[in-house]
Amino acid sequence: MKKWGVTKRALFLGLGPASAIAALLAFYFTTTRFQELEQALAERGLAIARQLAPGAAYGAFSGNRQVLQNLAQAALVEADVTAVTIADVQGSVLAHSGERGAPDEVMVFKAPIASTPAPLEEFLDIRSSARQTLGFVTVEVSRASLNAEKNRLLIHTLIITALGLFITWIMAVRMSRGITHPILRLADTVEQFGQGNLDTRAGADSGGALGVLQNGFNKMAAALQADQIELEARIAQATAQLSEKKAEAERANLAKSRFLAAASHDLRQPVHALGLFVAELGTKDLAHGDKKIVERIEAGVLALSDMLDSMLDVSKLDAGALPAHIIDFCVADVLRRMEAEFEPAAREKGLRFKIVACSAIVKSDPVLLERIVANLVANAVRYTDQGRLILGCRRRRGALSIQVWDTGMGIPEGRRQYIFQEFYQLGNPERDRRKGLGLGLAIVERLARLLGHKIELSSTPGKGSLFAVEVPFGDAAAVGEAARPFATASDLGNALIAIIDDDDLVRASMQGLIGQWGCEAVFAASGEELLRKLGGRTPDVIVCDYRLPRGETGIEVITRTRAACAKDVPAMLITGDTSPKLMRAAEDAGYPLLHKPVRPAKLRALLTHLLAKR
Amino acid sequence: MLRIKVAARALIALAFLPSSAAALTHVTLVLSEPGGAYASVADAIAARLEPKAIKVTRLADAAQLRDVKTGLIVTIGARATQSAAALKPAAPLLATLIPLQTLEKISDAKNISAVVLDQPLPRQLRLVRAALPRVTRIGAVLGPDSESLAPALAAEARKLGFNVVWEKVSAPDQLAPALQRTLGEAEALLAFPDRVVSNRDTLHDLLLTSYRYRDPVIGYSAAYGKAGALLAIYTTPEQVARQTAEVILEMAKTTALPRISAPKYFSVDVNDKVARSLGLTLPSEQALVERAKP
């Protein structure tokens, strides 16, 4: 009953007491009526018997059976009377009429027959001891009509009760609807509201407590909805502010990138030209003192180029423009080259540089891995003032850990998270140029991420640091000839080189250098000029600046020149622009790309390589 | 026989009455019941005595008789007589309005006399002769209280030329057959007070039975006449009172307790409807009273 719903409860309330009262009343009145009927029949039977008794008195007194028989027969006319028996005091039957019924079908009434008293004077009366009983009249009354009446009464009672209950039921259903429907509707509304339909409202069509409930729910719903709307507005506002800030930050970042790109492009052009001039100067026969100066200038330009290259590397890596070519190769080559590259610098700083030989086969990009290790070793050399450096390999967790140990200043715990960020340098607040730009570890971090290698760092401030890169082992059987990208410098022969650059200074420096290499070169500021200057000749190689006047690109010029010559002439692009978009365009077109300032050795190597393809 | 005995006892009692007693000046009346016939008898007695300078006192309760030492006690009705007799009072007692059979049952004390209600047999027989001259066979059914009448009845009837047919019953269930046999032979039925034969319970049946045999009944009370008897010969309470007063006044003169006396005055009722039913024509009641007298 506790789990009954509203409808059930209301129906029970309407029907329960009514049914109980109806049943009790029906039972009470039926039984009372039964008793009355029974009593009425009994009284009638007794009355008949008593009425017969005086009439039978003289017959019984005189023994006149005929009179008694007539009397008994006459009594049968009375309704329900089935048998009449008149007997004397001894019990012998004086008269009998009708037929006796079964004991459970009849009621039997017996009345004594006494003589009728006469009004004799009292003072003359000699009393007999007791009134004399002459016999008995026995009347049998059938219960048939009584039972029929009882049945009729019972049926009527049942019909009336059922009809009453039916009407009560209908009324209870009708009335309970008035209560249950608003409650059920309210429950439905609450359900909908709970499902997030905040516009839902209860119909305010009931009075009393229900009306209060509906109004209360509506007020609550309105308050909730208002809160919700306000909350959403605040979130939208906050989101708008956030996205504005984000856009602002992106704009700032873009501006920075644009500035950097522009700055590096503008820097590269003169540095490129400077490098080419210095290289040309180096080939001249100079006095000993002059030669020293030229060497110093060359070293300075080289350092400047390195720095610009590092910045370029970061740009390339961020652009994802550097594809990794994973192969199986022997780590020994990498170690050997490290020794060749850094041994002199270490020795110069008074450091002992030890390399533990290792011939393990690893799976990685040899060029990029070498760049990682080289950066780590360069860092170690840079930040170690005394003691020694060790480069070695260890087997760790099923991979090869290439480790660089130093006895340098170490990295405090709190700084370790910053050292992989660009331009972050420890112990170089004065930004000493010799300590680099602070891009080394940033490049290491990006390269390792590209190759999927893990970088490890452990350090004790004041005692030294350990940098390690974990490289998976390779398959010895898959080790092939490590293709080196460029052939070593050689004679370029009498090749015809077409050079397109809109910068006069660059064209001039290139002209001098190419001349030194013994090649013929055609210089032009644009594609049209080149074709005019070529005069129908076909160049052996095209070296083209990417960004040209009037929005022309190097790729377009190369394509047009090739078309004009009707030949797939080998070509390369040179640019001072470091944007990733340009790098990807060059790669898509299939042209090698050199960034200004181009080191003369590098330019020569690429030219040699391209000419070898002829 | 009984009558003789009673009369003898009365004589003896008279002899023993204190002759030296002073003249009777005070009578105490004891009533069986405060109203009805008893009261009218008492009133009538008082009305007759008081002018004669006899003081009359009425007692509602017989128990007060203990204090009555002198004068005469007059009991009216059977119950008063019985109560008074049981106290055995010192003063002489005169019973009235009582059948002889009842009196005999109550007491046989010496200082008790009475004025009884029973009509003398010759008077009844003379009435039958006067009213029904053709009747020769007189019937009677006698019970325990009335069977002693049988010899006198036979003797008196013979004197008047009647044959008597009678039956004796001792129990109620014998009544109907006895009645039927008697009525079958007799031409008229004489009724006498009897606890079995003739009382208020049997009166109707007796009359009905006699009517079936078309035999007239001569009853002993007014009620008989009203109930269906052809003739009723009886003494009214007023007549009883009158006779009683006469007896008391006589006593006052003689200072002697008289004998038990039969009713001196009487009435006759004729039920005309019954007479018509039986096809009879009777003389007037007054004429019958005269002819019933000796």
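Cut-offs applied
Residues numbered from 1 in each chain as written. Chains lettered and ligands numbered in written order. Predicted model: local features only at pLDDT ≥ 70, side-chain atom pairs only at ≥ 80, totals over all residues. Heavy atoms only, no water. Helix = DSSP H or I, 4+ residues; strand = E, 2+ residues; numbered from the N terminus. Buried < 20%, exposed > 50% of the residue type's maximum accessible area, 1.4 Å probe, protein only. Contact = heavy atoms within 4.5 Å. Areas by Shrake-Rupley, 256 points an atom, 1.4 Å probe, with all protein chains shown as cover. Pairing = 2+ DSSP bridges. Right-handed = clockwise from strand over helix to strand, strands pointing away. Axes fitted to C-alpha atoms, helices over the stretch in contact; angles between N-to-C directions. Salt bridge = Lys/Arg side-chain N within 4 Å of Asp/Glu carboxyl O. Arc of directions from axis to C-beta. Buried area = accessible area lost by both parts, 1.4 Å probe. Polar contact = N/O pair within 3.5 Å; in protein donor to acceptor, adjacent residues only side chain to side chain. Nonpolar A, V, L, I, M, F, W, Y, C, P; charged D, E, K, R; others polar. Phe/Tyr/Trp six-rings, centres within 6.5 Å; stacked < 30°, edge-to-face > 60°. Lys NZ or Arg CZ within 6 Å of the ring centre and 35° of its normal. pLDDT = per-residue confidence, 0-100.

Caption draft 1: Just the overall build of chain B, in detail. Across its full length, chain B holds 12 helices and 11 strands. In chain B, which comprises 294 residues, the proportion classed as buried is 53%. Contacts spanning at least 24 positions in sequence make up 68% of the contacts within chain B whose residues lie at least 6 apart. Accessible area of chain B: about 13100 Å², with a carbon and sulfur share of 54%.

Caption draft 2: Spotlight on the overall build of chain A. Counting secondary structure elements, chain A contains 13 helices and 16 strands. Counting across all 614 residues of chain A, residues that qualify as buried make up 41%. As displayed, chain A has an accessible area near 33700 Å², and 58% of this comes from carbon and sulfur atoms.

Caption draft 3: Expanded view of the pairing of strand β15 (residues 571-575) of chain A. Residues and elements named next belong to chain A. Burial analysis of β15 places five of its five residues in the buried class, the great majority of the element. The alternating pattern of β15 places A571, L573 and T575 on one face and M572 and I574 on the opposite face, and all of these are buried. Direction of pairing for strand β14 (residues 541-545) relative to β15: parallel, over a ladder of four bridges. Bridge pairing in β15 places D545 opposite I574. Of the pairings in the sheet, the one linking β15 to strand β16 (residues 593-595) comprises three bridges and is parallel in character. In the strand pairing of β16, L573 is matched with L593. At this point the chain moves from β15, through helix α12 (residues 580-589), to the parallel β16, and the crossover so formed is right-handed.

Caption draft 4: Spotlight on the sheet that holds strand β5 (residues 112-116) of chain B. Residues and elements named next belong to chain B. In space, the five strands of this open sheet follow the order β2-β1-β3-β4-β5, with parallel pairing throughout. Looking at the sheet topology across the chains shown, the edges are occupied by β2 (55-59) and β5. Strand-to-strand twist in this sheet, taken as the mean axis angle between neighbours without regard to direction, amounts to 20°.

Caption draft 5: Expanded view of the pattern of salt bridges. Residue and element names in this part refer to chain A. In this structure the tally under the stated criterion is 33 salt bridges over all chains. Here E250 makes a salt bridge to K246, at a shortest N to O gap of 3.5 Å. Here K246 and E250 lie together in helix α4 (residues 208-283), a separation of four residues that amounts to about one turn. Taking relative accessible area as the criterion, K246 reaches 53% and is therefore assigned exposed. Taken together, the salt bridges that share partners define one network made up of R396, R397, E456 and E470.

Caption draft 6: Representation of helix α3 (residues 78-86) of chain B in the model. All names here are of chain B. Within α3, the full set of buried residues consists of A80, T81, A84 and A85. All buried residues of α3 project into a common sector of 125° when viewed along the axis, lining one side. Contacts from the buried residues of α3 go to β1 (26-31), β3 (72-76), β4 (93-98), α4 (100-106) and β5. Following α3 by one or two positions, K88 adopts a phi angle in the positive range, close to 45°.

Caption draft 7: Highlighting the sheet that holds β16(A). All names here are of chain A. Ordered in space as β13-β12-β14-β15-β16, the five strands form an open sheet in which the pairing is parallel. At either margin of the open sheet sits one strand with a lone partner, and together these are β13 (520-524) and β16. Looking at each pair of strands side by side, their axes are set apart by 20° on average, direction ignored. Inspection of the sheet shows strand β12 (residues 496-500) paired to β13 by five bridges, in the parallel sense. Bridge pairing in β13 places I499 opposite F523.

Caption draft 8: Structural view of unusual backbone geometry. Residue and element names in this part refer to chain A. A positive phi angle, close to 50°, is found at R397, a residue other than glycine. For R397, the position within the fold is in the loop between β8 (388-396) and β9 (399-406). R397 sits in the exposed class, given a relative accessible area of 56%. Here the phi dihedral of R550 falls at roughly 60°; this positive angle occurs in a residue that is not glycine. As for its position among the elements, R550 is in the loop between β14 and α11 (554-565).

Caption draft 9: Representation of helix α10 (residues 527-534) of chain A. Residues and elements named next belong to chain A. Of all the residues in α10, the buried ones are G527, E529, L530 and L534. Buried residues of α10, seen end-on, are gathered within an arc of 160° and therefore sit on one face of the element. Set apart from the buried face of α10 by more than 90 degrees, the exposed residues are E528 and R532. Where α10 is buried, its residues contact β12, β13 and α11.

Caption draft 10: Examining the interface of chain A and chain B more closely. The interface of chain A with chain B comprises 21 residues on the first partner and 34 residues on the second. Across the chain A/chain B interface, buried area totals approximately 2500 Å², and carbon plus sulfur atoms make up 58% of it. Contact with chain B buries surface across chain A, with A:F61, A:F123 and A:I126 losing the most and accounting together for 31% of the total. Counting across the chain A and chain B interface gives zero salt bridges. At the junction of chain A with chain B, the criterion picks out eight residue pairs in polar contact (both at pLDDT 80 or more). Residues that form the side of chain A that touches chain B fall into these classes: 10 nonpolar, six polar and five charged.

Caption draft 11: Examining the packing of aromatic side chains more closely. Under the counting rule described, the total for this entry stands at six aromatic pairs over all chains. The interplanar angle of 70° and the centroid separation of 5.2 Å between the aromatic rings of A:Y28 and A:F29 together place this pair among those described as edge-to-face. One Lys or Arg, B:R129, reaches over the ring of B:F162 and ends 4.0 Å from the middle of that ring. Above the plane of the ring of B:Y265 lies B:R242, whose end atom (NZ or CZ) is 3.9 Å from the centre.

Caption draft 12: Structural view of the confidence of the model for chain B. All names here are of chain B. In the predicted model, chain B carries a mean pLDDT of 87, and 93% of its residues have values of at least 70. Within chain B, no element has a lower average pLDDT than helix α1 (residues 2-16), which sits at 41, and none a higher one than strand β11 (residues 267-270), at 96. Between residues 1-21, whose pLDDT stays under 50, and residues either more than four places distant or in other chains, the model counts 23 contacts. In the model output, the complex is listed with pTM 0.49 alongside ipTM 0.73.

Caption draft 13: Representation of the confidence of the model for chain A. With 93% of its residues at a pLDDT of 70 or more, chain A has an overall mean of 83. Per-residue pLDDT stays below 50 along residues 482-489 of chain A; that stretch engages in seven contacts with residues further than four places along the chain or on separate chains.

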